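Structure at a glance
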Amino acid sequence: MKLPLTQFLQLNLRQSNIKGFTSIRCLSTQEAIERRHHLFTLEKKRQLENVGRIEKIEVRYKGIPKDCTLVMNKDISTPYDCARHFSEWHMESSALALIDGSMYWDMHRPLTESCTLEFQTFNISEPQQVNKAFWRTCSFMLGACATVAFKDKVTVKLHSFPGPDIRSGSFIYDVDLPTLPDWKPTPQEMHTLSAEYVKLTRQNDLIERLEVGQELALEMFVDNEHKTKQIPDIARTNGKVTLYKVGKHVDISKGPMISSSGQIGKVFVSAVHKLLGSPESDLKQLYRFQGVALPTGVILNHFAFSILTERAKKLNSARSPINPFVDTRESVEPQSMQAHA
Amino acid sequence: MNQAQVTKLVSKLRIKVAPEPRRLRNPKGPEGRLDKLRKTVTGLIKFERIELNFNRADEARQYAERLISEAIVHGDCHKPTMEIADYWLLEKELIHKLFKVLVPRYENCNTAFTKMYRAPRPLYSRNIEKAVLELRGNPYPSLINKQYSNRHLIQNVLLDAAKYDYRQAKYAEMADKIGKTENQELNKLSKKDEITTE
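Residue numbers run consecutively from 1 along every chain, following the written order of its sequence. Chains and ligands are labelled by the order in which they are written, letters from A for the one and numbers from 1 for the other. Selection of residues for local features in this predicted model requires a pLDDT of at least 70, selection of side-chain atom pairs for listing and counting requires 80 or more, and totals for whole chains, interfaces and linings are taken over all residues. Water and hydrogen atoms were dropped before computing side-chain values, which therefore reflect all heavy atoms in the structure.

In the nomenclature of an unreviewed UniProt entry, chain B corresponds to Large ribosomal subunit protein bL17m from the organism Parnassius mnemosyne. UniProt positions are given in the numbering used here, feature names are shortened, and annotations may be inferred rather than shown by experiment. As its UniProt record puts it under Sequence similarities (unreviewed entry), chain B is described as follows: "Belongs to the bacterial ribosomal protein bL17 family."

The name that an unreviewed UniProt entry assigns to chain A is 39S ribosomal protein L39, mitochondrial, with the source organism given as Parnassius mnemosyne.

As structure tokens, then:
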């Protein structure tokens, strides 16, 4: 599977000349993941080599144990590297970095200029942005979980996930399962999904970030027609697509995200609902995967957590990507209508 | 009853003191016990946070509290207090720390000067209770998360939203009930009207 980039391009060109993407579609999910991961690492390596002559920047750190100044490498050192100068506690507990007191920066995104740096954990006094990053990461990981959880004969095509809305009670990922038109997951299957999710979090992989050009992004997601449709829209502003990688799973997201998958503690994949498309959309249905999670170290009474999981089982009311005009809260609506009548 | 009240002579400690001292068994007897405790008290004043066996921590804590409260009451110009400090602090530079740093820190303190937490025990080992003993106002990050009531924390945001949801559902139910009873009453009234008209 480890072919160099040029060979892939040739392969792709030849196929697109002959019969479009038909033979690319024959890639199994596993192969597609491997391929994307390979392209990601190649591109990351290339970008690192492109930095060229190493310049130094001054990073003024504020916080525990004391304020100090670090001299780091421009475009190479990340906030995580700065955390490594302090202690293991900083490395494990910091979820986001705050640059110049205003910009939220991923822990694994290289610093571009001299700046001030603060680390943000989950229990600071103003954790809204950290929570959002956490929820976003949970959605992203749910996509990773959905791709690995099914058997090889089931094709899994990730569609997208909406922006984080914590008050809705669940994080979501909309997935297309073309070979399972009428799937109602059993409780056993839901347990398996949760278990797969926990397995991913236990691997404690760092969540890497990379900005790539539109062409490469299209090349990476060639097996997924939903993502290839979304990429031109995403790249419209500056021609770049932001990718995130955890383990071998690569996905598109605006970011920022938390530092590692080990920072997701208690987690529960609560429900899979079917979303029906509008009659004119070419995609007939999607499955909405929902879950609820808490950061590592948050201790919540099991009864309180059961309230959260029960709530997360209801269909999340976020906008459906294939049928934007229908409110997904149909099941709730008639009752309240009665109430108002 | 000419006896002086003991509480007026000795300042009262703000921690729970067991009625009997622990023996902290060791080959040298009571003297060895005091040696052990002196080591612990010295360590506590020096490092400000230590982790050790529960029994020894609880015993040493009482001596440390007494030492600090004596230092606050009498100050550094009182010979007996100086002797006590000299006995309990094995490293002599800590005497300066006691009078110059800790006394100003705790002068206006109206709680105990130390804090003790039960610490987790290592798995598969001798089952000895562990504790963390620390001086209040130490420079380390707090051991317990005091901000659990911050409503922006993710668990509180989730629980708040769940509470809101539940209330909305209840209100809808109540409104539904009221609507139904009203309808029934209206129906009854209209029936009555029909009867009377007949």
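Remarks on the overall build of chain A
Helix and strand content of chain A: 10 helices and 12 strands. Expressed as a percentage of its 341 residues, the buried residues of chain A come to 48%. Should any heavy atoms of two residues lie within 4.5 Å, those residues are considered in contact. Within chain A, contacts between residues separated by at least 24 positions form 70% of all contacts whose residues are at least 6 apart in sequence. Roughly 17300 Å² of accessible area belongs to chain A as shown, and the carbon and sulfur atoms make up 54% of that amount. Put simply, DSSP marks the helices as runs of H or I at least four residues long and the strands as runs of E at least two long, and each gets a number from the N terminus on. Each residue's exposure class comes from its accessible area (1.4 Å probe, protein chains only) as a fraction of the maximum for that residue type: buried when under 20%, exposed when over 50%, partly exposed otherwise. Note on areas: these come from Shrake-Rupley sampling with a 1.4 Å probe, and a residue is covered only by the protein chains present in the view.

Quick look at the sheet that holds strand β3 (residues 96-99) of chain A
Residues and elements named next belong to chain A. When DSSP finds two or more bridges between a pair of strands, those strands are recorded as paired. Taking strand neighbours across the sheet as the criterion, the five strands line up as β2-β1-β5-β3-β4 in an open arrangement whose pairing is mixed. Each edge of the sheet is formed by a strand with only one pairing partner; in this case those strands are β2 (68-73) and β4 (103-105). This sheet shows a mean twist of 35° between the axes of neighbouring strands, independent of strand direction. With six bridges joining them, strand β1 (residues 56-61) and β2 adopt antiparallel strand pairing. Considered in β2, the bridge of valine 59 is made with leucine 70. Only C-alpha atoms enter the line fits that serve as axes; for helices the fit covers just the stretch in contact. Angles between N-to-C directions range over 0 to 180 degrees.

So, the interface of chain A and chain B
On the side of chain B, 19 residues touch chain A, which itself brings 26 residues to the contact. Both faces considered, chain A and chain B share a buried interface measuring about 1900 Å² in area, 66% of it formed by carbon and sulfur atoms. Salt bridges are identified by distance alone: a Lys or Arg side-chain nitrogen within 4 Å of an Asp or Glu carboxyl oxygen. At the junction of chain A and chain B, the tally comes to two salt bridges. Note that Asp165(B) is salt-bridged to Lys314(A), the shortest N-O span being 3.7 Å. Whenever two N or O atoms come within 3.5 Å, that pair is a polar contact, provided that in protein one can donate a hydrogen and the other can accept it, and provided that, for residues adjacent in sequence, both atoms are side-chain atoms. Applying the counting rule to chain A against chain B returns four residue pairs in polar contact (both at pLDDT 80 or more). Of all the secondary structure elements, the ones that give two or more residues to the side of chain A that touches chain B are α5 (128-149), β12 (285-295), α9 (302-312) and α10 (333-340) of chain A. Here the term charged refers only to Asp, Glu, Lys and Arg, the term nonpolar to Ala, Val, Leu, Ile, Met, Phe, Trp, Tyr, Cys and Pro, and the term polar to all other amino acids, Gly among them. Looking at the side of chain A that touches chain B, its residues break down into 17 nonpolar, six polar and three charged. Computed with a 1.4 Å rolling probe, the buried area is the accessible surface lost when two parts are put together, summed over both parts.

Quick look at the packing of aromatic side chains
Residue and element names in this part refer to chain A. Pairing of aromatic rings covers Phe, Tyr and Trp, the last counted by its six-membered ring, and requires centre-to-centre distances within 6.5 Å; plane angles under 30 degrees mean stacked, over 60 mean edge-to-face, and any other angle means tilted. For the structure on display, the rule yields 15 aromatic pairs over all chains. Residues phenylalanine 134 and tryptophan 135 carry aromatic rings whose centres are separated by 6.4 Å and whose planes lie at 40° to one another, so their mutual orientation is tilted. Like tryptophan 135, phenylalanine 134 is buried. Site record: aromatic cluster; members linked through ring pairs are Phe122, Phe134, Trp135, Phe171 and Tyr197. The criterion for a charge sitting over a ring is simple: Lys NZ or Arg CZ within 6 Å of the ring centre, and within 35 degrees of the ring normal. Over the aromatic face of tryptophan 105 sits the side chain of arginine 109, whose NZ or CZ is 3.9 Å from the ring centroid. Between the NZ or CZ atom of lysine 266 and the centre of the ring of phenylalanine 305, over which it lies, the distance is 4.8 Å.

Digging into the sheet that holds strand β10 (residues 249-252) of chain A
In sheet architecture, strand pairing relies on hydrogen bonds along the backbone and comes in two forms, parallel and antiparallel. Residues and elements named next belong to chain A. Within the open sheet, the three strands sit side by side as β8-β9-β10. Their pairing is antiparallel. The two strands at the open ends of the sheet, each matched to only one other strand, are β8 (207-213) and β10. With direction set aside, neighbouring strand axes in the sheet form an average angle of 30°. Strands in contact with helix α2 (residues 29-50) are β8, β9 (240-246) and β10; relative to β8, the strand with the most contacts, it is inclined by about 80°. Taken strand by strand, helix α8 (residues 225-234) contacts β9 and β10, and its axis lies near 50° from that of β10.

Here we look at the pairing of β1(A)
Residue and element names in this part refer to chain A. Side chains Ile57, Val59 and Tyr61 of β1 all project onto a buried face; the interleaved residues Lys56, Glu58 and Arg60 project onto a face where none is buried. In textbook terms, the turn of a hairpin is the stretch between consecutive antiparallel strands, and for β1 and β2 this stretch comprises six residues, one of which, glycine 63, has a positive phi near 135°. In the sheet, β1 pairs with strand β5 (residues 115-120) via three bridges, with the strands oriented parallel. For arginine 60, the partnering residue across the bridge sits in β5 and is threonine 116.

Considerations on the pairing of strand β7 (residues 171-176) of chain A
Residues and elements named next belong to chain A. For β7, the buried fraction is high: six of the six residues fall into the buried class. Neither face of β7 is open: one carries Phe171, Tyr173 and Val175, the other Ile172, Asp174 and Asp176, and all of them are buried. Pairing geometry for strand β6 (residues 157-160) and β7, over three bridges, is antiparallel. Pairing of lysine 157 across the sheet is with aspartate 176, part of β7. Alignment of β7 against β12, held across five bridges, turns out to be antiparallel. Across the sheet, residue phenylalanine 171 finds its bridge partner in β12, namely glycine 291.

Brief notes about the domain arrangement of chain B
Delimitation of the domains relies on an automatic or database domain assignment. You can read the domains of chain B as domain 1 (8-135) and domain 2 (145-198). Once you take the C-alpha centre of each, domain 1 of chain B and domain 2 of chain B turn out to be 59 Å apart.

A word on helix α6 (residues 187-202) of chain A
Since one α-helical turn is 3.6 residues long, residues separated by three or four positions face the same way. Over its 16 residues, α6(A) runs 23 Å from end to end, which matches the ideal 22 Å to within 8%, given 1.5 Å per residue. Contacts made by the buried residues of α6(A) are with α5, β7, β11 (264-276) and β12 of chain A. Here the expected span of a helix is defined as 1.5 Å times the quantity of residues minus one.

Overview of the domain arrangement of chain A
Residue and element names in this part refer to chain A. Segmentation of chain A into domains returns domain 1 (56-121) and domain 2 (129-312). Taken over C-alpha atoms, the centre of domain 1 sits 28 Å from the centre of domain 2. Facing the 14 residues of domain 1 at the interface are 13 residues of domain 2. Where domain 1 abuts domain 2, roughly 1100 Å² becomes buried across the two surfaces, and 58% of that area is made up of carbon and sulfur atoms. Joining domain 1 to domain 2, the criterion identifies one salt bridge. The closest approach of N and O atoms between arginine 209 and aspartate 106, which form a salt bridge, is 3.3 Å. Taken together, domain 1 and domain 2 are joined by seven residue pairs in polar contact (both at pLDDT 80 or more). The element best represented in the side of domain 1 that touches domain 2 is helix α4 (residues 88-93), accounting for three residues. When its residues are assigned to classes, the side of domain 1 that touches domain 2 shows six nonpolar, five polar and three charged.

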